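Overview (structure and organization)
These are the residues of each chain, in order.
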Amino acid sequence: MLIAHRIALDPNNVQATYFARAAGTARFAYNWALAEWKRQHEAAKANPALPKPSQQSLRRQLNAIKREQFPWMLEVTKCAPQMAIIQLGQAFQNFFAGRARHSQFRRKGVHDRFTLTNDQFDIDGCRIRIPHLGWVRMRESLRFAGKPMSATISRVADRWFVSITVDTPDTSHLPQAENQGTAGVDLGVSTLVTLSTGETIPAPKPHKALLDQLRRLSRSLSRKQKGSANRKTAKARLAKLHARIANIRADTVHKLTTDLARRFHTTCIEDLNVRGMVKNRHLARSIMDTGFFEFRRQLEYKAAMRGGVVVVADRFFASSKTCSACGRKLDDLPLSVRQWTCPDCGSIHDRDVNAARNLLAYGLAALSGSTASSAGCQACGEAGSGPDRKTRVKPASMKQEVSFAPV
Ligand SMILES: [Zn+2]
């Protein structure tokens, strides 16, 4: 299983300068290749005899001209331009598959990064060796055993990080999920999650708490003259605040998903159409704040590491509108209704707890439907968590292409 560990770096001045230069080289190569791709694509359309662009051909073309046209590229690792063009190829693949938008030109100062292949770095405890540069201190050692596949060095605000992708053959050193069986997990807007046990976890509101400060800093930035030193300082302060907000959010989601993966063998969540929901302007803010997609991605890989299972309910499963006691399905239940009474059996439902209970039932049904052994092992996470069962149930949660390795 591929897993990425992101570690803060402590580069000295020379090293930080090198990072910035390598990231700049990667950006230049990416933009050069994107422009070439567009040009060659148009040319091939006009004249079918011409070859279509590909990341392989573009890498060859850049290698052929870089010594003459861009000699400064040779000052940094050859991985920086090469990997950037490979990433462009992946971006086009995602675009053609309908998973992503058309790739854009990279901009200076926006997610500056470059990637090294595994033959271009070494890790020794709390340090990483990079060609031309020597050892760079890391804030902690690599947490996962296995073969490092690649390392991406990136800048967030004023700090540099390395994200090391590791191929872990074995995660059995992690304890299996506690024996708390199955839980339905309802993702909400005001409440981050509601469990079928009735537990609720409130949504973190870092964005709102720090909003005043954010507004003040943005205003202060807009008053500064373009190109001035003051503007540069203000921009850096704003970037730091954005990074802080992102850290608070990431921390909550990580703690929550770790907790769920530790406690429950099986969790059942909704397949939210996040893309559709984000279009709704009222919901957009809270959804972006709490990061549904990230929640699901983390829950899936963390469950897999502990032999657990994530069941993803069908997009059209009416978890909110169905009575979890008798199964009566309402025609309509506006989002503002937090509590309702079932017209058939008279049960009084909390909207979110009811949804979580329906998800729990969905999860149990999905498990017994796809495995020969049923009810017995759902209550008992330990016994049912063999690799055999994992592979058979897993497809339910793998409908969406989710990369396990955040970069
Ligand atoms: Zn009912």
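Residues numbered from 1 in each chain as written. Predicted model: local features only at pLDDT ≥ 70, side-chain atom pairs only at ≥ 80, totals over all residues. Heavy atoms only, no water.

Examining unusual backbone geometry
Even without a glycine there, the phi angle at His 111 is positive, about 50 degrees. Position of His 111 among the secondary structure elements: in the loop between helix 3 (79-96) and strand 2 (113-117). Among the residues examined, His 111 registers a relative accessible area of 39% and is labelled partly exposed. In this structure, Ala 157 is a non-glycine residue whose phi angle is positive, near 50 degrees. Tracing the backbone shows Ala 157 in the loop between strand 6 (147-156) and strand 7 (159-167). (Helix = DSSP H or I, 4+ residues; strand = E, 2+ residues; numbered from the N terminus. Buried < 20%, exposed > 50% of the residue type's maximum accessible area, 1.4 Å probe, protein only.)

Describing the sheet that holds strand 4 (residues 127-130)
Within a beta sheet, neighbouring strands are joined by backbone hydrogen bonds and run either parallel or antiparallel to one another. A sheet is described by the order of its strands in space; here seven strands give the open sequence 2-6-7-1-5-4-3, paired in antiparallel fashion. Strands with a single pairing partner mark the edges of an open sheet, and in this sheet they are strand 2 and strand 3 (122-124). Recorded for the sheet is a direction-independent mean angle of 35 degrees between the axes of neighbouring strands. Two strands pair when backbone bridges link them, and strand 4 and strand 5 (residues 134-138) are joined in this way by four bridges, in the antiparallel orientation. Paired with Arg 127 across the two strands is Arg 137, which belongs to strand 5. (Pairing = 2+ DSSP bridges. Axes fitted to C-alpha atoms, helices over the stretch in contact; angles between N-to-C directions.)

Quick word on the packing of helix 5 (residues 211-223) against helix 6 (residues 229-263)
At a minimum axis separation of 9 Å, helix 5 and helix 6 run at an interaxial angle of 160 degrees. One way to sum up the angle between helix 5 and helix 6 is to call them roughly antiparallel. Where helix 5 crosses over helix 6, the handedness of that crossing is left-handed. Taken together, the residues of helix 6 that come into contact with helix 5 (itself represented by Gln 213, Leu 214, Leu 217, Ser 218, Ser 220 and Leu 221) are Arg 231, Ala 234, Lys 235, Arg 237, Leu 238, Leu 241, His 242, Arg 244 and Ile 245. Looking at the contact of helix 5 with helix 6 residue by residue, the class counts come to seven nonpolar, four polar and four charged. (Parallel < 35°, antiparallel > 145°, perpendicular 65-115°, else oblique. Left-handed = near helix turned anticlockwise from the far one by under 90°. Contact = heavy atoms within 4.5 Å. Nonpolar A, V, L, I, M, F, W, Y, C, P; charged D, E, K, R; others polar.)

Notes on the packing of helix 1 (residues 13-46) against helix 2 (residues 55-69)
Between helix 1 and helix 2, the shortest axis-to-axis distance is 10 Å and the interhelical angle comes to 120 degrees. For the pair helix 1 and helix 2, the crossing hand works out as right-handed. Facing helix 1, whose interface residues are Ala 29, Trp 32, Ala 33, Glu 36, Trp 37 and Gln 40, helix 2 presents Gln 55, Leu 58, Gln 61, Leu 62 and Ile 65. Tallied by class, the residues present in the contact of helix 1 with helix 2 amount to seven nonpolar, three polar and one charged.

As for the pairing of strand 1 (residues 2-10)
Sheet topology note: the strand 1/strand 7 ladder contains seven bridges and is antiparallel. What sits directly across from Arg 6, in strand 7, is Ser 163. For strand 1 and strand 5, the ladder comprises two bridges, and the chain directions are antiparallel. Opposite Leu 9, over in strand 5, you have Met 138 as the bridge partner.

Details of the coordination of the zinc ion
Geometry sets the ideal angles at a metal, namely 109.5 degrees for four tetrahedral donors and 90 or 180 degrees for six octahedral donors. Protein ligation of the zinc ion involves Cys 323 (SG), Cys 326 (SG), Cys 342 (SG) and Cys 345 (SG), the donor distances falling in the range 2.2 to 2.3 Å. One can describe the site at the zinc ion as tetrahedral: its four donor atoms subtend angles covering 108 to 111 degrees at the metal. Along the chain, the residues donating to the zinc ion are arranged with the sequence spacing C-x2-C-x15-C-x2-C. You can see Cys 326 sitting in the loop between strand 12 (309-313) and strand 13 (339-341) and its partner Cys 345 sitting in the loop between strand 13 and strand 14 (348-350), a full 19 residues away along the chain. (Donors = N, O, S within 2.8 Å, 3.2 Å for Na, K, Ca; no water. Tetrahedral: all angles 85-135°; square planar, octahedral: opposite > 155°, others 65-115°.)

Re the pairing of strand 7
Here is the key point about a regular strand: its side chains alternate between the two faces of the sheet. Within strand 7, seven of the nine residues are buried, leaving the element largely enclosed by the surrounding structure. Relative to strand 7, strand 6 is paired through nine bridges, and the arrangement is antiparallel. Residue pairing in the sheet places Ile 153 in a bridge with Val 162 of strand 7. Between strand 6 and strand 7, which follow one another and run antiparallel, lie two residues, and Ala 157 among them has a positive phi close to 50 degrees.

A word on the pattern of salt bridges
It is possible for side chains of opposite charge to pair when their charged atoms get near one another. Evaluated as defined, the whole model comprises 19 salt bridges. Arg 155 is paired through a salt bridge with Asp 112; the nearest N and O atoms lie 2.9 Å apart. One end of the pair, Arg 155, is in strand 6; the other, Asp 112, is in the loop between helix 3 and strand 2, with 43 residues separating them in the sequence. Salt bridges here are not isolated pairs; linked through shared partners, they connect Asp 10, Arg 137 and Arg 139. (Salt bridge = Lys/Arg side-chain N within 4 Å of Asp/Glu carboxyl O.)

Any functional reading would require information that these geometric values do not contain.
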